[in-house]
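Now for the letters of each chain:
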Amino acid sequence: MTQYGIPFGTTHKGEEVQELTLDNGVMSCNILTFGAVVRRLTVPGREGPVDVVLGYDTLEQYETEGGYLGAVVGRFANRIAKGKFSLGGKEYQLAVNDGPNHLHGGNTGFSHRVWTVEELTEQRAVLTLDSPDGEEGYPGHLQVKVTYALEGTALSVRYEAVSDQDTPCNLTNHSYFNLAGHKSGSALEQEITLFASQYTPAGETSIPLGCLEPVEGTPMDLRQPVPIGRHIGEPFQQLIWGRGYDHNFVVDGQSGSLRPAARAVSRVTGITMEVDTTCPGIQFYTANFIEEGRKGKDGAVYGFRHAYCLETQHFPDSPNQPEFPSCILRAGERYDQRTRFAFFLEK
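What comes next concerns the included structure. (Residues numbered from 1 in each chain as written. Predicted model: local features only at pLDDT ≥ 70, side-chain atom pairs only at ≥ 80, totals over all residues. Heavy atoms only, no water.)

**Here's the deal with the overall build of the protein**
Using the following cut-off: Runs of E in the DSSP output that reach at least two residues are strands. Runs of H or I that reach at least four are helices, and both are numbered from the N terminus. Here the globule rule is a power law, 2.2 Å times the number of residues to the power 0.38, and the radius of gyration is based on C-alpha atoms. To sort residues, take the accessible area from a 1.4 Å probe on protein chains only and compare it with the maximum for the residue type: under 20% means buried, over 50% means exposed, and anything in between is partly exposed. Note on contacts: a residue pair qualifies if any of its non-hydrogen atoms lie within 4.5 Å across the two residues. Exposure was quantified through the Shrake-Rupley algorithm and a 1.4 Å probe, taking into account, for residues, occlusion by the shown protein chains and nothing else. None of His or the chain ends enter the tally, which takes Lys and Arg as positive and Asp and Glu as negative. A single reference atom marks each charge: NZ on Lys, CZ on Arg, CG on Asp, CD on Glu.
Tallying secondary structure elements over the protein gives two helices and 29 strands in all. Over its C-alpha trace the protein gives a radius of gyration of 19 Å, about what one expects of a compact globule, namely 20 Å for 347 residues. Projecting the C-alpha coordinates of the protein onto the three principal axes gives extents of approximately 60 × 55 × 35 Å. Expressed as a percentage of its 347 residues, the buried residues of the protein come to 58%. Partitioning the intrachain contacts of the protein with sequence separation of at least 6 by distance along the chain shows that 66% fall at a separation of at least 24. For the protein, the exposed area adds up to about 13700 Å²; of that, 48% sits on carbon and sulfur atoms. Of the side chains in the protein, 29 bear a positive and 43 a negative charge, and the two mean positions are spaced by 2 Å.

Next comes the structure, spelled out in C-alpha cells:
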C-alpha cells in the first residue's frame, strides 16, 4: 500500500489505515482511509481555530462504536424498510441492522471499509472503493469515488459512482457538527435554518409514510433561524418517535443544482456553516442516540444531542417509494452528487 499521510492503526482484519491531512492555510481537515471518515475539521473562530466535528482517538472506536461518526455511508444511506426492495422483477434481501430495517448499507457498509487513496495534494484527497456484486445483498459491481477539497473557507465533497448493473445508490457524509467546538457539550443553543418547505413524515421505525407534508405550522418548520432546542421537546408525534429531529427534509429548488440546504450558527464562536447540495433531500439528525459519557478525541466526552448531522441524500426508503425521486443508478450511468460545507465568521 502506498504511504499517504500517517498511520492511524490496523483494523481487526489486519488492514492498515492512514490519516490524511488537508490544509490551505485557512482551514484544515483530517480524513481517515477507514470509512473515508472526516476526523477533524478545523475552521476559523472568533478567538482562534475551532474543530467543529466529533471524532475518536482510536481506530478501534471507529470500528466498534455506533453512530457512523464522520464516515461516508453507503451503498444506500439511511433506511430501507425491512431490508427489502424489488428491481428489474427481482426481490433483494439486505441485512436488517436497525430494528426491522436496513440502515446505512448494512452490517459492513462503506463506513466500515478501508478506502484506497487515488490522489492526495495539500488541498484535495480522492478516495476510491470497489463494492462487488452481491456485497451486503446489493446487485452490481459498484465503483465509488469520493473527493474532498478545501476551497477557501469551504469543504466540498463530491460523490461519484458507476455500476455494471442497475442498483440503488445513495451516498452521504455522516459528520456530527458542533460549531462551538467538538468538546463544548450540548448543541441545542445553536441556530438552524433548513431551506425546506416540505419533509417526509415517518412511522415509528423511521420509514417514510410515502407522502410529502408541508412544514408550516409544525415544529418541523425550520425555514427561519431557530435554536435547535426550541421545539425539540414538543409533544409532536414525529419528534416523539424520532426522540428529536431525525427526519428527511425536501430541499427547496431544483434537484441536481447546487443550492442552499441548511445554515447553522454558533453565537459562542461566531461560526456560521452553510450547506449547499445537489441532492433532493437532507436528513437533520440531532444525535438523539449518542449516549452520555462516550469518549471522544482529545479527552472530550460526548453525549445526548452534543452535535447534529446534516446528511444530504436521496429520501429514505426510496427503492420502495415510487413517488420519491429515483435512487436507482442505471448500469453504465454515472452517479454524481456534490455537497459543500462553507464556513463564515459573524461580523
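**So, the environment of Ala36**
The topology assignment puts Ala36 in the loop between β3 (28–32) and β4 (38–45). Taking relative accessible area as the criterion, Ala36 reaches 0% and is therefore assigned buried. C-alpha separation for the pair Ala36 and Leu20, spaced 16 residues apart in sequence, amounts to 9.9 Å. With sequence-adjacent residues up to four places away left out, Ala36 is seen in contact with Ile31, Gly70, Val72, Trp115, Leu127, Tyr148 and Asn173.

**Re the sheet that holds strand β1 (residues 6–10)**
Put simply, the test is: Pairing between two strands requires that DSSP report at least two bridges joining them. Axes here mean lines fitted to C-alpha atoms, for a helix over just the part in contact, with angles spanning 0 to 180 degrees between N-to-C directions.
The antiparallel open sheet is built from five strands, whose spatial order is β1-β2-β3-β4-β5. Only two strands of the sheet have a single neighbouring strand rather than two, namely β1 and β5 (48–51). For this sheet, the mean inter-axis angle between neighbouring strands, taken without regard to orientation, is 20°. Sheet topology places β1 next to strand β2 (residues 16–23); four bridges connect them, and they run antiparallel. Bridge pairing links Thr10 to Glu16 in β2.

**Comments concerning the pairing of strand β17 (residues 191–194)**
With burial as the criterion, each face of β17 is covered, one bearing Glu191 and Thr193 and the other bearing Ile192 and Leu194. Of the pairings in the sheet, the one linking β17 to strand β22 (residues 259–265) comprises four bridges and is antiparallel in character. Following the sheet pairing, Leu194 is matched in β22 by Ala262.

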